[in-house]
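Examining the three-dimensional arrangement
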Amino acid sequence: MTISRRSALAAIAAAPIAAQARTKAPDTAFRTLAPRPPMGWNSWDSFATTITEEQARANAAVMAEKLLPHGYDVFTVDIQWYEPGATGYQYRVGVELAMDANGRLLPAPNRFPSAAGGKGFKPLADHIHGLGMKFGIHLMRGVPRLAADRNLPILGTPHRCGDIADRVNICPWNGDMYGVDMTRPGAQAYYDSVFRLIASWDVDFVKVDDLSRPYHRNEPEIEAVRRAIDASGRPMILSLSPGETPLSAAAHVADHANMWRVSDDFWDEWPLLLSQFKRLADWAPHIREGAWPDADMLPLGLLVLGERRTRFTPDEQRTLMTLWAIARSPLIMGGDLRALDDATLALLANDALIAVDQHSTASRQVVRDGARVVWTSRDKRTGDTNLALFNIGDTPAEIGVSRGELGLTRPMRIRDLWAHADAGTLADRFAPTLPHGAGLYRLSRT
């Protein structure tokens, strides 16, 4: 093919513009959607893949009555809402999924009757909004394998789902989807069509799964999701999951998502809780308003399809809540709210602890020495210091900290945020005896 001199000159002139487009800083206005760590409820820990509309509405009613007054306002239906025969924590392979003619997943109408007739999640979202809460859903990365194998058309384009499918880079633990090869024509259009559909349901929060591991390989699809949300016409908080998002992705992930997982699925086992200390300490310098490292749901109360209650001891439950709050992780309850007991409600509804999570800055681990772990943050409204002391050993121990370690130059009044009581004055050193657990305090000027 012969290229004219005029065409060549035009291409040369356009090159700097194309380069600028590639290097242009992303629009991060979406961060204003989550000025504080999101708080809410998610169905995974208690219902796995099986939640029904009836169960969702029942949990939402309890959430609106007992948790919404304390700031928990995001209600999320987790994975496989499109699988008519979902059975639990295992994924069935090769089964029919509820899907439209353009390869876009739909709520299974046998589980979500209000979705029948093409209504999707709009009726359930309307119900959740009527309770004063936001509505969220889970979505897997990619295009459904059934849509690609049947080569369904991509809405509004001459392209087909089979043409964009990446049949190599697929999820290792869920067989519903192929990846999407973002170099292929129609790839962005497919994601755009998916998020236009979700937007028509008035969804406020989307947890997109199978993106964070391996993160850098999946950057093109992360960017595609961001563009699709921005083009959808509806603001949506974006959560990325699962896996240990690498610190090398800190700038990129904050430019594209409101929250992202720092670990694989977190469950009610002490070794898993212990491992979150380092992850959250490593991520603390990268916290910014509207972009939150996520330590995962709170596995409290009744879990695992109603089979058991949390395995965390009461002291470990206090450790969990204290660490999530001082590190400013999103607070997303995972237990079945229909069985919410008074002790679990007291943990979740501690407004002083919630204020640490929601209204602080400068969260950091100050000391980790043997069984002693010390964190601080600063209240943005008052300037008070929040102090978290952890005994991560197996037996009760004195967990002390000095004013010098905290960088404080004058004595401070101590308020115990778990006991809701004054706890004296920090003159030179404060050294309470703690069980295998945690203490949370507010330090203010005397």
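A few points on the structure. Since we're looking at a predicted model, the values are computed, not measured.

1. What about the pairing of strand β2 (residues 74–77)?
Side chains Val74 and Thr76 of β2 all project onto a buried face; the interleaved residues Phe75 and Val77 project onto the opposite face, where all are buried too. Bridge analysis of strand β1 (residues 39–42) against β2 gives three bridges, and the strand direction is parallel. Paired with glycine 40 across the two strands is valine 74, which belongs to β2. As judged from the four bridges shared by β2 and strand β3 (residues 134–140), these two strands associate in the parallel manner. Directly across from valine 77, in β3, lies its bridge partner isoleucine 137. With helix α4 (residues 122–130) bridging β2 and its parallel neighbour β3, the resulting β-α-β unit is right-handed.

2. So, the sheet that holds strand β7 (residues 205–209)
With parallel pairing, eight strands are arranged side by side in an open sheet as β10-β9-β8-β7-β3-β2-β1-β13. Only two strands of the sheet have a single neighbouring strand rather than two, namely β10 (292–294) and β13 (331–333). Between one strand axis and the next, the sheet turns by 25° as a mean value, whatever way the strands run.

3. Remarks on the packing of aromatic side chains
In the structure shown here, the tally under the stated rule is 17 aromatic pairs. Here the aromatic rings of phenylalanine 266 and tryptophan 324 are separated by 5.1 Å at their centres, their planes lie at 45°, and the arrangement is tilted. Here the residue phenylalanine 266 occupies a position in the loop between β9 (259–261) and α10 (270–283), and tryptophan 324 occupies one in helix α11 (residues 314–326), the gap between them amounting to 58 residues. Judged by relative accessible area, phenylalanine 266 falls into the buried class, the value being 2%. In this structure, arginine 167 is placed above the aromatic ring of tyrosine 178, and the distance from its NZ or CZ to the ring centre is 4.9 Å. Of note, arginine 226 hangs over the ring of phenylalanine 30, and the distance from its end group to the ring centre comes to 4.0 Å.

The rules behind the values
Residues numbered from 1 in each chain as written. Predicted model: local features only at pLDDT ≥ 70, side-chain atom pairs only at ≥ 80, totals over all residues. Heavy atoms only, no water. Buried < 20%, exposed > 50% of the residue type's maximum accessible area, 1.4 Å probe, protein only. Helix = DSSP H or I, 4+ residues; strand = E, 2+ residues; numbered from the N terminus. Pairing = 2+ DSSP bridges. Right-handed = clockwise from strand over helix to strand, strands pointing away. Axes fitted to C-alpha atoms, helices over the stretch in contact; angles between N-to-C directions. Phe/Tyr/Trp six-rings, centres within 6.5 Å; stacked < 30°, edge-to-face > 60°. Lys NZ or Arg CZ within 6 Å of the ring centre and 35° of its normal.

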